[in-house]
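Geometric and topological summary
Spelled out from the first residue to the last, the chains are:
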Amino acid sequence: MCYLASFACWISPVLLHLQAIEKHFGGITALASGDLQVNAGEIHALVGENGAGKSTLMKIVAGMLRRDGGEMRWKGQAADFTSPAEAHRAGISMVHQESLLAPHLTVAENIFLGREAVNGPLLDRRRMETETRRLINEHGFPIDAASLIHELSPAQKQLVEICRALHSASSLLIFDEPTSSLSGAESAAVFRIAQRLRDRGMGIIYITHRLAELRPIADRITILRDGRTVHSAPFADLSAEQIIHHMVGREVSAIHQRQPSPNAPERPTERLRVELPGIRFALHAGEIVGVAGLMGAGRTELCQTIFGITPAAQGSITVDGRPTAVNSPQDAVRAGIALITEDRQRTGLTLSMPVRANITLAHLDGVTRNGFVSRAQEQAVAERFRTRLSIRAASVEQPAGHLSGGNQQKVVIAKWLFRDAKILLFDEPARGIDVAAKAEVFALMDELARDGAAILMVSSELPELLQVADRILVMRDGAIVTELPRTATQQEIMQHAAVSS
Amino acid sequence: MKRNAATWQRLLPFLSLAALFIFLSIASPNFLTPTNLSSVVRQTATINIMALGMTLVIVSGGIDLSVGAILAFAGTIGAMAIANGLPIPIGIAAGLLCGLLWGLVNGLLTTALKIPPFIVTLGTLGIVRGVTLIISGGLPVVGLPREFESLADGSFAGIPSVLFVLAVCAILTHVVLHSTKLGRYTYAIGSNKEAAVYAGISVGKYTVAVYAICGMLTGLAGMIEASRLMTGQPTAGQGYELQVIAAVVIGGGSLTGGEGSVIGTLIGAFIMGLLSNGSDLLGVNPYLRQALIGAIIVLAVAVDEARKHRFRQ
């Protein structure tokens, strides 16, 4: 029996076999029954809504969490990794969604962290840097081996994570949504890497929300819902609709395509005019303007300048026809500008505070009477927004950190709606949120625009931009290079966004 | 079931206080007497009032190591004012103002120069103590009128009057922390400073306010200490910062910010008070007592970390 199993391993390429994996946190069941089989030489897509248990399942495989039940077999042998180091030794590496890098060390030092190159008792810095440069150049990533991690953008950090995993993976590489912070060109590079590694016989598990992008390269797909594996099949056998159906367990209407408002005035009111070096545009009431560009094109920086995080040294910002000095977020908020950041966990929410307090945080005056914050009014306000934006939370007293990504994003939006912001800057509004929530967020943006809000939307996902925006500004190297109508194609946008030859 | 365990751990400071109280009542016949209990209250009032201010600072994600020195400065200046013939209430107000000013200095240095509060207040700890010694010539301020004694030693209806002062301060701090913008922002800044900035809160202004309040409460504590000793002692309050921070942390305050409460801090301060009173009554070596307090701080934080770790996932 025993050598039968090992014989089976010899002839079958099964790398990893998970059966009925369970994991509980306190009273919450993260995984009820996770099944997954990954073969050598395949790219296996792992999909599911946020909270479906994908990351938990992968953390168990990578030795970061211990399972509470079920069976795991690695290369035919029963396996139980008690630490990431153990999983490493078995040949498993994981690229994490959230950055697990040491901020004050360099790119090279992070990639070699825990397995430093040494020369006797001393670190062999030169070898680590050379090796890192080789790795970066091989994949054409826009990072420098000697940069400190805290100087990098979220997308660049993600690329460092990928380099780190590549450097050590030998049999199985797990990507936990690596492309969610990357623009088109970078994610294409990541996909090429995945294909190359597959062709060398490695197993690849890929967690993502961007199904369309994965379709050309993935071999199989496994779908999780509410902590259970609900379906597993060759990717080509399932249509996008079928996959979404398995993910949410119900029909979802296709993502809403924005239509120009029928009763739009001939001359819409100008809400915001931005004139900075290389950047000139106006934003009108009732419109959604998209901003496209590659990673590092300056899109996030543009939002931060308009919002007063990094005030511009020269240039001007005009709000409702009046030149406005925006030197701090307070100035911006006072002028009616809101920024929904790309990193909601770090800058958008106070995760330990209840949903109620997060919603009222930017406008406590609205619930303050005679100097005292009225808990009852706060609750009423929070309940109103919970209903209006259908925020799924056990109650408004639940800590924001317990909500799913999509619901967290709605809390951030609610905060600015309560503040009555009329100029809304959305930086990657759909990052890391599931299909159903994404549709809801876009529908909400559409509704806000119809009610007269002026919206600027930065996104790395061109199909999203083309669906949601009325016109699209394309940025490159910190400047706006062109403006395209909603009828533009993805190719057109990419041509302008990429460095012209 | 597991959630119950977390609740139990949250109640741990209160249960420890109750257990300590019961233990001392049994172990020492001299503990449960009106004289002893009111002396516990009088001894802990200073630490307790300072700990209220420290609660605000710690909830905001900061720390103030200079409170012991500020206590001495305020007590010395206030005592000098009274000894030079100014009315007692004016003298007390002078003490509060001194504390407030040093709090402002701490707050402005951390926010304007962006120096971590640990370093700023380590610096002001030295500066304030030095200035106090220079002003007083290193000598205690004496010649205070007898009536000044009643601030620390007076009683009302058999209850020490400092208990009323403490109660008023505690209620005010609790209200500020829970029902005002300042309090809400203090929690928000301590929990996620960047998110507070991005919400358009003037983080700097509120941080300065928090240190100023802490300084002012420390100034009040300084006047109570001066009244208790009936001198303005330029060397008073050495090592108090440790006890004050310990009271907040034992009461559930988190040194990473965003957590802490007035009730917790009061419990923490009384635990410290009972430990010190109990070791006096039971004849515990005072050197051992100091080591014991240090060990309890580590234990309290360890228990709190265990609770949070279980809760986090």
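Quick caveat: nothing in here was measured; it's all calculated off a predicted structure.

1. Overview of the overall build of chain A
A count of helical and extended segments in chain A gives 18 helices and 24 strands. Here chain A has a C-alpha radius of gyration of 24 Å; the compact-globule value for 501 residues is 23 Å, and the two agree. Along the longest, intermediate and shortest principal axes, the C-alpha atoms of chain A span 80 × 50 × 45 Å. Burial statistics for chain A: of 501 residues in total, 49% are counted as buried. Contacts spanning at least 24 positions in sequence make up 68% of the contacts within chain A whose residues lie at least 6 apart.

2. Re the overall build of chain B
A count of helices and strands for chain B gives 13 helices and 2 strands. For a compact globule of 313 residues, the expected C-alpha radius of gyration is about 20 Å, and chain B comes in at 19 Å, within 12% of that figure. Oriented by its inertia axes, the alpha-carbon framework of chain B measures out at about 60 × 55 × 35 Å. Across chain B, the fraction of contacts at a sequence separation of at least 24, relative to all contacts at a separation of at least 6, is 79%.

3. As for unusual backbone geometry
Positive phi values are uncommon outside glycine, yet Asn370(A) reaches one of about 50°. You can see Asn370(A) is positioned in the loop between strand 19 (368–369) and strand 20 (372–373).

4. What to know about helix 5 (residues 125–139) of chain A
The α-helix advances 3.6 residues per turn, and as a result positions three or four apart in sequence lie on the same side. Residues and elements named next belong to chain A. The terminal C-alpha atoms of helix 5, which comprises 15 residues, lie 22 Å apart, in line with the 21 Å expected from a rise of 1.5 Å per residue. Close packing links the buried residues of helix 5 with helix 4 (107–111) and helix 6 (154–168). Just beyond helix 5, the residue with positive phi is Gly 140, at close to 65°.

5. Describing the packing of helix 2 (residues 34–59) of chain B against helix 11 (residues 240–250) of chain B
Residue and element names in this part refer to chain B. It is at 8 Å that the axes of helix 2 and helix 11 come closest, and there the two elements cross at 65°. By crossing handedness, the relation of helix 2 to helix 11 is classed as right-handed. When helix 2 is examined against helix 11, the residues Ile 47, Met 50, Ala 51, Met 54, Thr 55 and Ile 58 are found in contact with a partner set consisting of Tyr 240, Gln 243, Val 244, Ile 245, Ala 247 and Val 248. Of the residues in the contact of helix 2 with helix 11, the class split is 10 nonpolar, 2 polar and no charged.

6. Considerations on the confidence of the model for chain B
Any region with low pLDDT has predicted coordinates that should not be read closely. Averaged over chain B, the pLDDT score is 91; the fraction of residues at 70 or greater is 96%. Across the assembled chains, the prediction reports ipTM 0.87 with pTM 0.78.

7. Remarks on the domain arrangement of chain A
Split by domain assignment, chain A resolves into domain 1 (2–248), domain 2 (255–336 + 422–501) and domain 3 (352–418). For domain 1 of chain A versus domain 3 of chain A, the separation of C-alpha centres amounts to 35 Å.

8. Quick notes on the interface of chain A and chain B
Residue-level contacts link 26 residues of chain A with 19 residues of chain B. Every element with two or more residues in the side of chain A that touches chain B is listed here: helix 11 (329–334), helix 12 (344–348) and strand 20 of chain A. Broken down by class, the residue content of the side of chain A that touches chain B amounts to 14 nonpolar, 10 polar and 2 charged.

9. Side note on the packing of helix 2 of chain B against helix 12 (residues 262–281) of chain B
Relative placement of two packed helices is described by the angle separating their axes and the distance separating the axes. Residues and elements named next belong to chain B. Contact geometry of helix 2 with helix 12 gives a least axis separation of 9 Å together with a crossing angle of 145°. Handedness of the crossing formed by helix 2 with helix 12: right-handed. Only Val 262, Thr 265, Leu 266, Gly 268, Ala 269, Phe 270, Met 272, Gly 273, Leu 274 and Asn 277 of helix 12 make contact with helix 2, whose side of the interface consists of Val 40, Gln 43, Thr 44, Ile 47, Asn 48, Ala 51, Leu 52 and Thr 55. Along the lines of polarity and charge, the residues of the contact of helix 2 with helix 12 split into 10 nonpolar, 8 polar and no charged.

10. Quick look at helix 2 (residues 54–61) of chain A
Residues and elements named next belong to chain A. Where burial is concerned, most of helix 2 is hidden: 8 out of the 8 residues are buried. Among the residues making up helix 2, those that are buried are Lys 54, Ser 55, Thr 56, Leu 57, Met 58, Lys 59, Ile 60 and Val 61. Once helix 2 ends, the next one or two residues include Gly 63, with phi positive near 80°.

11. Things to note about the sheet that holds strand 13 (residues 270–276) of chain A
Residues and elements named next belong to chain A. The 4 strands are arranged 14-13-16-17 in an open sheet whose pairing can be described as antiparallel. Looking at the sheet topology across the chains shown, the edges are occupied by strand 14 (279–284) and strand 17 (322–323). Across 6 bridges, strand 13 lies against strand 14 in antiparallel orientation. Bridge assignment links Leu 272 to a residue of strand 14, and that residue is Leu 283.

12. Some details on the pairing of strand 10 (residues 203–207) of chain A
Of all 5 residues in strand 10 of chain A, 5 are buried, a share of seventy percent or more. Where burial is concerned, the two faces of strand 10 of chain A agree: the one with Gly203(A), Ile205(A) and Ile207(A) and the one with Ile204(A) and Tyr206(A) are both buried.

13. With respect to the confidence of the model for chain A
For chain A, the mean per-residue pLDDT works out to 86, and 91% of the residues sit at or above 70. Across residues 1–11 of chain A the pLDDT falls below 50, and counting only partners more than four positions away or on other chains, this stretch makes 5 contacts in the model.

14. Quick word on the sheet that holds strand 23 (residues 471–476) of chain A
All names here are of chain A. The mixed open sheet is built from 6 strands, whose spatial order is 18-21-22-15-23-24. At either margin of the open sheet sits one strand with a lone partner, and together these are strand 18 (337–340) and strand 24 (479–485). With strand direction ignored, the average angle separating the axes of adjacent strands in the sheet is 20°. The pairing of strand 15 (residues 288–293) with strand 22 (residues 454–458) spans 4 bridges and is parallel. By the bridge assignment for strand 22, Gly 290 is matched with Met 457.

15. Quick word on the environment of Gly75(B)
Residue and element names in this part refer to chain B. Within the element layout of this structure, Gly 75 appears in helix 3 (residues 67–83). Sequence-wise, Gly 75 and Leu 242 are 167 residues apart; in three dimensions their C-alpha atoms are separated by 19 Å. In this view, Gly 75 contacts Gly 95, Gly 222, Met 223, Glu 225, Ala 226, Gly 232, Gln 233 and Ala 236; residues no more than four positions away in its chain are not counted.

16. Section: the environment of Val412(A)
Residue and element names in this part refer to chain A. Looking at where Val 412 falls in the secondary structure, it is placed in helix 15 (residues 405–418). For the pair formed by Val 412 and Asp 477, sequence separation is 65 residues and the distance between their alpha carbons is 29 Å. When sequence neighbours within four positions are dropped, the list of residues in contact with Val 412 reads Ile 340, Arg 344, Gly 348 and Leu 349.

17. Quick word on the pairing of strand 6 (residues 92–95) of chain A
Put simply, side chains in a regular strand alternate between the two faces of the sheet. Residues and elements named next belong to chain A. Of the two faces of strand 6, the one lined by Ile 92 and Met 94 and the one lined by Ser 93 and Val 95 are each fully buried. Relative to strand 9 (residues 172–176), strand 6 runs parallel, the two being bridged by 4 bridges. Counted as the bridge partner of Val 95 is Phe 175 from strand 9.

18. Here's the deal with the environment of Gln491(A)
Residues and elements named next belong to chain A. Within the secondary structure, Gln 491 sits in helix 18 (residues 490–497). Given 8 C-beta atoms within 10 Å, Gln 491 falls into the exposed group. C-alpha separation for the pair Gln 491 and Leu 462, spaced 29 residues apart in sequence, amounts to 9.6 Å.

Cut-off values and rules
The written sequence of each chain sets the order in which its residues are numbered from 1. To read the labels, note that chains go from A and ligands from 1, taken in the order they are written. Residue-level local features of this predicted model are given only where pLDDT is at least 70; pairs of side-chain atoms are given and counted only at 80 or more, and the full residue set underlies all totals for whole chains, interfaces and linings. Strands here are runs of E lasting at least two residues and helices are runs of H or I lasting at least four, both read from the DSSP assignment and numbered beginning at the N terminus. Atoms considered for the radius of gyration are the C-alpha atoms alone. The globule rule reads 2.2 Å times the number of residues to the power 0.38. Here the C-beta atoms are placed from the backbone, and a residue counts as buried if at least 20 other C-beta atoms lie within 10 Å of its own, exposed if 12 or fewer do, and partly exposed otherwise. Any residue pair is listed as a contact if its two C-beta atoms, each placed from the backbone, are within 7 Å. What a helix should span is 1.5 Å times the count of its residues minus one. Throughout, an axis means a line fitted to C-alpha atoms (over the contacting stretch in the case of helices), and angles, computed between N-to-C directions, take values from 0 to 180 degrees. Handedness of a helix crossing follows the sense of rotation of the near helix relative to the far helix, less than a right angle counterclockwise being left-handed and clockwise being right-handed. Each residue gets one of three labels, nonpolar for Ala, Val, Leu, Ile, Met, Phe, Trp, Tyr, Cys and Pro, charged for Asp, Glu, Lys and Arg, and polar for the others, Gly among them. Each residue gets a pLDDT score, which is the predictor's confidence in that residue and runs from 0 to 100. Per the annotation, domain bounds derive from an automatic or database assignment of domains. DSSP-based pairing: two strands are paired if at least 2 bridges between them are found.

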